[in-house]
Amino acid sequence: ILAIPPAAYTDWINYLKEEFLDYEALRNRPSRLQGQILHFILSYIKNLKDHPLEDYLQKAENEIHFVFPQISGLDQYLRQIKQLVKKKELKPFFYIDEGEVLTEQEIINKQGHTKRLDRLIVKKDEIWIVDYKTALDPQGAYEDQVQEYMNLIAELHPHHEVKGFLVYLDEGEVEEVKS
């Protein structure tokens, strides 16, 4: 005889809100597409201390048409990425002296929900979580999202200091998320 545990109840309303887009997201579909394309290209860029940017961009360019067959003018996105990684504020996230860079890293929370981290930089004593956004968020939802990622990583790596960062792609600005 197997003992079956009782069903676990969750907050289904918040869970369903994560699954469906609101009106604003639909209205801003072109900017969302731009953000998705930039995310895709950035997912190919690992540590620029190890390899030149052009190698990573070439790999992304070889694959992007399979994911986004409708796009034209890829050069504008590649130029934007080149400008971003050259910015003084963003260099610490792309030129890592010692550490491992993981992109699009998936983790699962206690409720079984999968979370995907845009960029995870694992150093000897620190772990940095970098989340890319295309626009500022006046409601603070982006900070809450990164805070959740930080809590999850802190549970997995209790001996590391965990830091979180929001990188705004349109402005090329960085905001550190405080724990």
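What you see is a predicted model; the values in this text were computed from it and never measured. (Residues numbered from 1 in each chain as written. Predicted model: local features only at pLDDT ≥ 70, side-chain atom pairs only at ≥ 80, totals over all residues. Heavy atoms only, no water.)

As for the sheet that holds strand 4 (residues 161-168)
In sheet architecture, strand pairing relies on hydrogen bonds along the backbone and comes in two forms, parallel and antiparallel. The strand order across the open sheet built from five strands is 1-2-3-4-5, with neighbouring strands paired in mixed fashion. Of all the strands in the sheet, the pair left with one neighbour each is strand 1 (100-108) and strand 5 (173-177). Each neighbouring strand pair of the sheet contributes to a mean axis angle of 35°, computed without reference to strand direction. Lying on the sheet, helix 7 (residues 141-156) is in contact with strand 1, strand 2 (114-122), strand 3 (126-133), strand 4 and strand 5; it crosses strand 4 at an angle near 150°. (Pairing = 2+ DSSP bridges. Helix = DSSP H or I, 4+ residues; strand = E, 2+ residues; numbered from the N terminus. Axes fitted to C-alpha atoms, helices over the stretch in contact; angles between N-to-C directions. Contact = heavy atoms within 4.5 Å.)

So, the packing of aromatic side chains
A complete count under the given rule lists five aromatic pairs for this structure. Following the ring pairs from residue to residue traces out a cluster consisting of Phe 40, Tyr 44 and Phe 68. The ring of Trp 128 carries the charged tip of Lys 123 above its face, separated from the ring centre by 3.6 Å. (Phe/Tyr/Trp six-rings, centres within 6.5 Å; stacked < 30°, edge-to-face > 60°. Lys NZ or Arg CZ within 6 Å of the ring centre and 35° of its normal.)

A closer look at the pairing of strand 1
Bridge count for strand 1 against strand 2 is eight bridges, and the pairing is antiparallel. Residue pairing in the sheet places Glu 106 in a bridge with Arg 116 of strand 2. Following strand 1, the chain reverses through five residues before pairing antiparallel with strand 2; Gly 112 in that reversal takes a positive phi of roughly 90°.

Details of the pattern of salt bridges
With the rule as written, the count across this model stands at nine salt bridges. Between Glu 54 and Lys 82 there is a salt bridge, with its nearest N and O atoms 3.3 Å apart. Here the residue Glu 54 occupies a position in helix 4 (residues 53-67), and Lys 82 occupies one in helix 5 (residues 74-86), the gap between them amounting to 28 residues. Take Glu 54: its relative accessible area is 45%, and that puts it in the partly exposed class. (Salt bridge = Lys/Arg side-chain N within 4 Å of Asp/Glu carboxyl O. Buried < 20%, exposed > 50% of the residue type's maximum accessible area, 1.4 Å probe, protein only.)

Points about the confidence of the model for the protein chain
Any region with low pLDDT has predicted coordinates that should not be read closely. Here the protein chain shows a mean pLDDT of 87. Residues at 70 or above account for 86%. Strand 3 holds the highest mean pLDDT among the elements of the protein chain, 96, whereas helix 2 (residues 23-27) holds the lowest, 59. (pLDDT = per-residue confidence, 0-100.)

Structural notes on the pairing of strand 3
Counting buried positions along strand 3 yields eight of eight residues, so the element is predominantly enclosed. Here strand 3 shows a buried face lined by Glu 126, Trp 128, Val 130 and Tyr 132 and a second buried face lined by Ile 127, Ile 129, Asp 131 and Lys 133. As defined by bridge partners, strand 2 adjoins strand 3 across four bridges and the pair is classed as antiparallel. Looking across to strand 3, one finds that Leu 120 is bridged to Ile 129.

What about the environment of Glu 89?
Secondary-structure assignment places Glu 89 in the loop between helix 5 and helix 6 (91-94). In this structure Glu 89 comes out as partly exposed when scored by relative accessible area, which is 48%. Residues Glu 89 and Val 174, spaced 85 residues apart in sequence, show a C-alpha to C-alpha distance of 6.8 Å. The residues touching Glu 89, leaving out its near neighbours within four places in the chain, are Gly 172 and Val 174.

Overview of helix 5
Taking 1.5 Å of rise per residue, 13 residues should cover 18 Å, and helix 5 covers 19 Å from first to last C-alpha, within 8% of that figure. The set of residues buried in helix 5 consists of Leu 74, Tyr 77, Leu 78, Gln 80, Ile 81, Leu 84 and Val 85. Buried residues of helix 5, seen end-on, are gathered within an arc of 160° and therefore sit on one face of the element. Along helix 5, exposed side chains directed more than 90 degrees from the buried face belong to Gln 83 and Lys 86. (Expected span 1.5 Å × (residues − 1). Arc of directions from axis to C-beta.)

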